[in-house]
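Topology and contacts: notes
These are the residues of each chain, in order.
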Amino acid sequence: MNLNSLKINLNLIIWIISSLVVSAFIYRLLFFSSNSTLFFIVNDFIVFLLLVVLILFLIKSLGKKNPHPSALVLNIGIISAFVFLVMMFAENLLNIQIKNISSNLVHKGILENLLHTFYGLMYLGIAGYFFAAYKELYFYKQQNRKSTYFTIMSVFIALSALSNLFFNAEEYQFIYNTFFIISIILIVFNSIKISWIAFISKKEKISLLILSIIISALFILNLINNGKADFNGTVLMTFSPAIYQLFNLVLIYGAVYFLVLFFTTLFHIPTAEAYDRKANEVSSLQFFSKLITQVLDIEELAETITDITTKVSSADAAWIIVNENGDNKILSNKNIALVDADLINQYLLKSGICEKITETKICTLQKFENKSQLSEKFSSLAISPLRAYNEVKGYLIAARKNELIFYEEDKTAINTFSDYASIAIENSLLLEQSIEKERLEKELDVAREIQKKILPSKDPKFENLSVSSVFIPAFEVGGDYYDYFEIAKNKFAFIIADVSGKGISAAFIMAEVKGIFSSLSRMLESPKEILIKANEILQQTLNKKNFVSALYGIIDFDKEIIRFSRAGHCPAILVRDNSVEMFKPSGIGLGLTNNILFSNHLEEIKIDFKENDTIVFYTDGITEAKNKEFEDFGEQRFSEILIEHSNKSVNQIANEVIKDVTLFSRNHSQYDDITLVIFKWHKKNNIDGVKEWQSSTPQLKNKVL
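Scope of this entry: the structure provided in the associated data block. In this text, all values refer to a predicted model and were calculated from it rather than measured experimentally.

With that out of the way, let us pick up the nonpolar core. Formed by 76 residues in total, the largest nonpolar core has its most connected members in Ile 76 and Trp 196. Considering each element in turn, this core owes the most residues, 15 residues, to helix H4 (residues 108-139). Setting aside its immediate chain neighbours within four residues, Ile 76 contacts Tyr 129, Phe 130, Ala 133, Tyr 134, Leu 137, Ile 215, Phe 219 and Phe 258. Counting residues in hydrophobic clusters, the runner-up holds 60 residues, among them Ile 454, Tyr 481, Phe 492 and Phe 598.

All right, on to the pairing of strand E12 (residues 579-583) then. In the sheet, strand E11 (residues 572-576) pairs with E12 via 5 bridges, with the strands oriented antiparallel. If you follow Arg 576 over to E12, its bridge partner there is Ser 579.

This part takes up the sheet that holds strand E3 (residues 361-364). Spatial ordering of the open sheet is given by E2-E1-E5-E4-E3, a layout of 5 strands whose pairing is antiparallel. The open sheet is flanked by strand E2 (327-334) and E3, the only strands paired with a single partner. Here the average twist between neighbouring strands, direction ignored, is 25°. With 6 bridges joining them, strand E1 (residues 317-324) and strand E5 (residues 391-401) adopt antiparallel strand pairing. Residue pairing for E5: Ile 321 is matched across the bridge by Tyr 395. Strands E1, E2, E3, strand E4 (378-388) and E5 of the sheet are contacted by helix H11 (residues 338-351), whose axis makes an angle of about 135° with E2. Contacts from helix H12 (residues 408-454) reach E1, E3, E4 and E5, with the element oriented near 40° to E4.

Moving on, we come to the packing of helix H13 (residues 503-523) against helix H14 (residues 527-541). Two elements in contact, H13 and H14, have axes separated by 10 Å at closest approach and are oriented at 145°. Crossing hand, H13 versus H14: right-handed. Residues Glu 512, Val 513, Ile 516, Phe 517, Leu 520 and Ser 521 of H13 touch H14, and the partners they reach there are Ile 530, Leu 531, Lys 533, Ala 534, Ile 537, Leu 538 and Thr 541. Its residues assigned to classes, the contact of H13 with H14 comprises 9 nonpolar, 2 polar and 2 charged.

Rules and cut-offs
- The numbering scheme is per chain: residues are counted from 1 as the chain's sequence reads.
- Per-residue local features of the predicted model are confined to residues with pLDDT of at least 70, and side-chain atom pairs are confined, for both listing and counting, to 80 or more; whole-chain, interface and lining totals are unaffected and use all residues.
- Side-chain metrics rest on all non-hydrogen atoms present in the structure, leaving aside hydrogens and water.
- The nonpolar core is taken to be a set of buried Ala, Val, Leu, Ile, Met, Phe, Trp, Tyr and Cys residues, with the residues joined through side-chain atoms within 4.5 Å.
- Throughout this description, buried means an accessible area under 20% of the type-specific maximum (1.4 Å probe, protein chains only), exposed means over 50%, and partly exposed covers the range between.
- Strands here mean DSSP runs of E at least two residues long; helices mean DSSP runs of H or I at least four residues long; both are numbered from the N terminus.
- The contact definition used throughout considers only heavy atoms, calling two residues in contact when any of these lie within 4.5 Å.
- DSSP bridges decide pairing: two strands pair if at least two such bridges lie between them.
- Simply put, an axis is a line fit to the C-alpha atoms, just over the touching stretch for a helix, and the angle between two N-to-C directions goes from 0 to 180 degrees.
- Should the near helix be turned counterclockwise from the far one by less than a right angle, the crossing is left-handed, whereas a clockwise turn marks it as right-handed.
- Under the grouping applied here, Gly and all other residues not named as nonpolar or charged are polar, the nonpolar ones being Ala, Val, Leu, Ile, Met, Phe, Trp, Tyr, Cys and Pro and the charged ones Asp, Glu, Lys and Arg.

Shape is all these values report; function is a separate question.
Now the structure itself:
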C-alpha cells in the first residue's frame, strides 16, 4: 500500500466516523422520547458500527506509529484515571447543569438527551482506544502472530455486547450469560499471552510493576462504578445497551490484563539484570562493529573500547595496555586512575599472570602485595589479549570492586569484544602508519625535486679533458651532491660531497652547501682555503647530528695539474698505466670540529696529469653497495673494474662501473645515493673547451641512470 492510498483510506475512515457521529446525534434528537425496541436496534446499529470503524481506525493509527508498550500502558493508565474521575464527579455536575438549563426550555428532555449522547460517545471512544491498545500489546514481540485467539475473543465480546440488547429478557438470559462467560474465559486466556515483558529493561520493568497494579485497581474501581444502578451505567444503558456491555467487558479485560502483567513483571524482575546486560552486549557490539570502520584516531578508539567494555561486562573500570618497542604503555583508562592501573599492570606482568594467555582470563587481586596503595578497592580482573597476526600487541583489562567477581558469561562477552577491539586497534594503527608513510613520501618528493634542481644538468666538455658523471638517487634521498664551477681562465673547479642524513633535511643542507661553494669558488683559488672557509660557515649552521663530507678540486689546464683537498670524503682514485693509486689526503668532515682543528688536519695535494690519466671521484653509495649476503661492493672490486676498462672513454667506464654495481646489489635495496665523477686527461690543452662548458651553465638537470 503506497502513501497516497493510505491517505485516501484514512480520510475515508475519518469521513465515515464523522458521518456516523452526526447520524447518532440526529437520530437521537429526532427520536429522543422513543423507548421502542426498534429505536434501540437502529440506535445500537449506528453506534456499534461507529465503534467498529473507530477501532479499525485506531488500530491502523497505532500500528503506523508503533508505540513502545510502556508508552501504551502509560496512556491506558492516564485514560483509566480520567474515566475514574468522570465517574466520580459526572453525576453531580451533569444533573446540576441539566436542571439549570432545562428550566428555560420547552422540551426539557432534549438537553439531557444531547448530554447523554455526548457522554455515551465519549465512552465509546474510550472503549475503542482501550480495545485497539490491547490488540497492540497482545501482538507486540509475538513471534507467532496468529490472530485466531484474539479474533475469537473479539467476536464473543461483540456477541456478548449485542446479546445485552437482544436477549435481555429473562427467558433468553442464558444466551447472554453464555456469551458473557465465554468472553471472560477468552479474555483471561488472551491476557496470559504477554510476550513483550521479557524485552524491556530492568528500569522499565520496575516502572511497569507500579503502573500495572495502579491501572488494574483503577479498572476494577471503574467496573464497580459502572453498574446498571449507578449513574454512569444508567447513562450508558440509555445511550446503548450494547456499548454499555462492551465497555464493561473492556474494563474486565483491562483489570485482568494488568493484574496478569503485574505478576508477570514481578517474576521477570530477578532476570531483568541479565537481560539488560545481554541487550547491552548486542547493542554495544553492533555499535562497535560500525565504529571499526569509522574511527580514525587511535586514542578516540581506545577510549570507546574501554567505555564499551565497562558496559558489556558491567565492570567498574577498564583500561588498555599496548606494547611499544618493548615498553608497556596505557593507551586508555576508564574509571581508574593511571597510578592504580600502572600498579596493577606491574603486578600482572611481573607475576606472569598475563603470560601465554590466549583468551580472556579471570583472576583476583588477593595476592597483590601493594593492594593497599590503590585508591579504589578493586578485587577481580578480566584480562583479554589484544592480538594481531597471531602476536599479542597488548591487553584489555576490566576490573570490578568490592569483592564482586567476574563469571564465565562475563568472560565470554569480554572475549568476544576483545576480538573486535583487536581488529579495530590494528586497523587504526595500520591507518596511522599509512598516513605517516604518505606524509614521508610527499616529503621525499620535495627532497628529490630539490636535489634535481641542485645538480648539474650536463657535464662540461673540453678538448683535453673528458668528463662524465653519474648520479643514481636512492629511494630515501641520501644527500649526494656534485657540481662544477667557473673560477678563472683555464681553470675549472669541481666538488663532490655527501650530506649526512636522508630526506628533506639532507636536501636542504645540500642546497646550503651548493650556495656556499658557489660563492667561495669565486673568491678563493685554494681548495684547502675554500674547505676551511666552508667549515667555518657550516659549523655555525649545522646541528650536531649533521656534517658534510666533501672533496673540492681545481684543474689547471695551463699547468696540467689537479689540486684537491678532502674533508672526510671518499679518496680519489688515479688510474694510470693499468694500475690504480688511492689519494687520501687527511681531512675532517665539514661541520664536525672547530676551524683550528679542521685546518690543522686538512691537507691539499697536487697531481701532475699524464696522457690518458683517469681520475675518479665517488661517494660511498658505490663502495658500500651490498649484495644479498650483505657484503660491500668494496674498493678492491671498484679498482679492478676501473683498471679493466681504463682504455675506454669516460662514459663507457662510468657505465661499466654502474653495471657491475647494479648486478652486484640486484638482490638488495639501494639505501644510499650513488655518485660517480670521472675525468680523463688528454695531452692537448684547449681554452675554447672551457668557454664551451661555461656557456652551457646553468646546469639545472641532473643525469640519472
